[in-house]
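Examination of the molecular architecture
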Amino acid sequence: METPFLEDLEDYKLKEYDWTILKRLYKYAKPYTRKLVLSLFFLLTASIGELSLPYITKLAIDKYIVTGQFHNFWHIILLYLAALLIIFIASYYQSYTVQLTGQYIMYDMRVNIFRHIQYLPVKFFNRTPVGKIMTRVTNDIEVINELFTAGVLTIIGDVFILAGILIAMFLLNSYLASIVILILPLIFLTSFLFRKNVRETYNRVRFWLSKMNSFLQESISGISIIQIFNAERQNFNRFDELNNEYKQANLDSIFYYAIFYPAIELIAAIATALILFFGGINIIKGIITFGVLVAFLQYSYRFFRPISDLTEKYNIVLSAIVASERIFKILDEPEDKQYFGNELLIKKAPLISFQNVSFAYDEKLVLHDISFEVASNQRVALVGPTGSGKTTIVNLLLKFYDNYSGTISIDGCDIRNLSASSVRKIIGVVFQEPFLFSKSLKENLYLGHTEFQEYPMDKIIHDVIGDKFMKRFKNKLDYKIGERGIELSTGERQLIAFARALSVNPLLLILDEATASIDPETEYWIQKRLDSWLASHTSLIIAHRLSTIKHANQIIMLADGRIIEHGTHEKLMKNKSKYYLFCNHFIQTA
Ligand SMILES: Nc1ncnc2c1ncn2[C@@H]1O[C@H](COP(=O)(O)OP(=O)(O)OP(=O)(O)O)[C@@H](O)[C@H]1O
Ligand SMILES: [Mg+2]
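Residues numbered from 1 in each chain as written. Chains lettered and ligands numbered in written order. Predicted model: local features only at pLDDT ≥ 70, side-chain atom pairs only at ≥ 80, totals over all residues. Heavy atoms only, no water.

The next thing to look at is the UniProt feature "transmembrane region" (unreviewed entry) in the protein chain. When the UniProt feature table is mapped onto this chain numbering, "transmembrane region" (unreviewed entry) sits at residues 36–53, 73–93, 147–169, 175–194, 254–277 and 283–304. Annotated as residues 147–169, this span is 100% helix and 0% strand, and its ends, taken at the C-alpha atoms, are 31 Å apart. Overall, residues 283–304 shows 77% helix and 0% strand. The separation of its end C-alpha atoms is 24 Å. (UniProt positions renumbered as here; feature names shortened; annotations may be inferred. Helix = DSSP H or I, 4+ residues; strand = E, 2+ residues; numbered from the N terminus.)

Okay, here's the thing in structure tokens:
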């Protein structure tokens, strides 16, 4: 068996009853207090109805059946039917209102989490797997719903019924009632053992389920790689292992459930036998009436069900606490403070400056003392080998990280003091891996626009996507782009991403190998059309093609997170240094 990672296990450690979490959960229920109180009212009404049934039976037996007086017997039958009707109606309303409230609470929680997640810093997503976040927003919230719908209220109902039955039993006959009380320790012991074991298996079920799900998710996403490497068998074996662990955990859990309920039944049967035996003797002695015994049997039958229910409810409460703990952990993640700050108010292409910037994602520095400037309307090319820190520079400028030393400024304003949204508003960016959404072409192009017709898109489409490629989208702006744009070629996706970046009419354009997957001819064609456009914008271009780099006003060459050379293409070529070698040997000259 695989040893679970410590970190994973941490998620599955159950804490004992935690009031602060429940209190926090209550905040979500608070707006619906009236509905919940109403539901509780119906629940208690139904419980009173339940409690009255054995007593009505007693009246029927003692007053009419045993005495043989059937005059007005129909009164008691009507009373019984009325009680049944009240139970039916109250149960219906109780169940309806509580389920309704549960749905409202879940809705609020999902809204809250999603809103919060959107503003979390990139760092959070670097270390949190997607599957984990998905589970929070869906499964965990479902578990909490159970707490509201099947948990808290029914626990109150169960306790109410238990107390009611105890009182009724003592009022009817305290001698028989004490026999039932004597059985209680046995019930408690059984429940305790069940609870303890089931909780442990519950943890394991959750653990292996989550493992299996993540594995499944990864296998499906990477299925073509698995098929190419003929790794199906190996992959299957791993799945089989996980599946087996999951099954085993479930089997253990089934075992405890299978044994618990019959055990409770057995104890209830013993109680019934004792009541019959001692109650019978008392009837013979004339101490109690026949009706009392029948009512007693009914009460004791109803007595054990809430006890076993309560045991299960305890598990619901515990799992809800665990689920809430995880959800609150996400909600407690501080939102990206980069969203706060001054507004950047500029109307023309800005000047960008990096001054002695050093940065590490975790411990290892990936940028060392980077200083450069991009003047207004200038085009600067960043070149350098894989992993040299080009994209990292872009990430910092986009305010994805703030734990760098040195200063980055736009038109002299330190971006640390500016809000991320106002910085991003002036930047159009095309990333190395274009990400498209499963929306229409139009919705992808107008991402972030509040009004679709705000910006004239036709020119951009004509210049960037081009009539040739628009045919691929059947010349329709509402062409439906499949999930992640998987049905499009990478180049086609880049064209859309390119047009999307321009659609915000940015003052600063960042292209991170934006045209790497576009054929040289199309790239040349885009470039020619973009030339006039770029002349009035500041741009930062990362590229591996000489044609793209050559015309830059300045070329910055990076290696291992350091600037090793900078200058114009001509100057650097004349120096015959690293850039020269880089161009001659490695850069695509197309
Ligand atoms: N999210 C991250 N967490 C930790 N390290 C990272 C992260 N992203 C990048 N790195 C590391 O930072 C270094 C610089 O990465 P960066 O993406 O800036 O390189 P690059 O110059 O853009 O390379 P490429 O040409 O391959 O795109 C690399 O060593 C990389 O492993
Ligand atoms: Mg990169």
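Once you've had a look at it, read on.
Of all hydrophobic cores here, the largest spans 44 residues; its most connected members are Leu445, Ile465, Ile496, Phe498 and Tyr579. Two domains each put at least three residues into this core: domain 2 (338–426 + 506–518 + 535–590) and domain 3 (432–504). Setting aside its immediate chain neighbours within four residues, Ile465 contacts Leu445, Ile460, Met470, Phe473, Leu495, Ile496, Ala499 and Trp525. Membership of the second largest hydrophobic core comes to 33 residues, among which are Phe354, Ile410, Leu508 and Leu540. (Core = buried A, V, L, I, M, F, W, Y, C linked by side-chain atoms within 4.5 Å. Buried < 20%, exposed > 50% of the residue type's maximum accessible area, 1.4 Å probe, protein only. Domains from an automatic or database assignment. Contact = heavy atoms within 4.5 Å.)

On to the sheet that holds strand E7 (residues 508–512), then. Spatially, the 6 strands line up as an open sheet ordered E6-E7-E8-E3-E9-E10, and their pairing is mixed. The open sheet has two edge strands, strand E6 (427–430) and strand E10 (562–567), and neither has a second partner. Shown here is a sheet whose adjacent strand axes are inclined to one another by a mean of 15°, direction ignored. Note: strand E9 (residues 554–559) against E10, 5 bridges, orientation antiparallel. Within the sheet, the bridge partner assigned to Met557 lies in E10 and is Glu565. Taken strand by strand, helix H15 (residues 490–503) contacts E6 and E7, and its axis lies near 175° from that of E6. (Pairing = 2+ DSSP bridges. Axes fitted to C-alpha atoms, helices over the stretch in contact; angles between N-to-C directions.)

Of all the 5 residues making up strand E3 (residues 379–383), 5 are buried; the element is thus mostly covered by neighbouring parts of the structure. A two-sided burial pattern is seen for E3, the buried positions comprising Arg379, Ala381 and Val383 on one face and Val380 and Leu382 on the other. Here 4 bridges tie E3 to E9, and the two strands are oriented parallel to one another. Across the sheet, Val383 pairs through a bridge with Met557, a residue of E9.

By the definition in use, this model includes 10 salt bridges. One salt bridge in this structure joins Asp332 and Arg24, with 2.8 Å as the shortest N-O distance. Linking Asp332 in helix H10 (residues 290–332) with Arg24 in helix H2 (residues 19–29), this pair joins segments that are 308 residues apart in sequence. Looking at Arg24, the relative accessible area reads 28%, which means it is partly exposed. Between Arg204 and Glu200 there is a salt bridge; the shortest N-O distance is 3.6 Å. Of the two residues, Arg204 and Glu200 both sit in helix H7 (residues 174–221), 4 residues apart, roughly one turn of that helix. The partly exposed category is assigned to Arg204, whose relative accessible area is 26%. The exposure class assigned to Glu200 is partly exposed, which follows from its relative accessible area of 40%. It is possible to trace a salt-bridge network through shared partners that takes in Glu200, Arg204 and Asp252. (Salt bridge = Lys/Arg side-chain N within 4 Å of Asp/Glu carboxyl O.)

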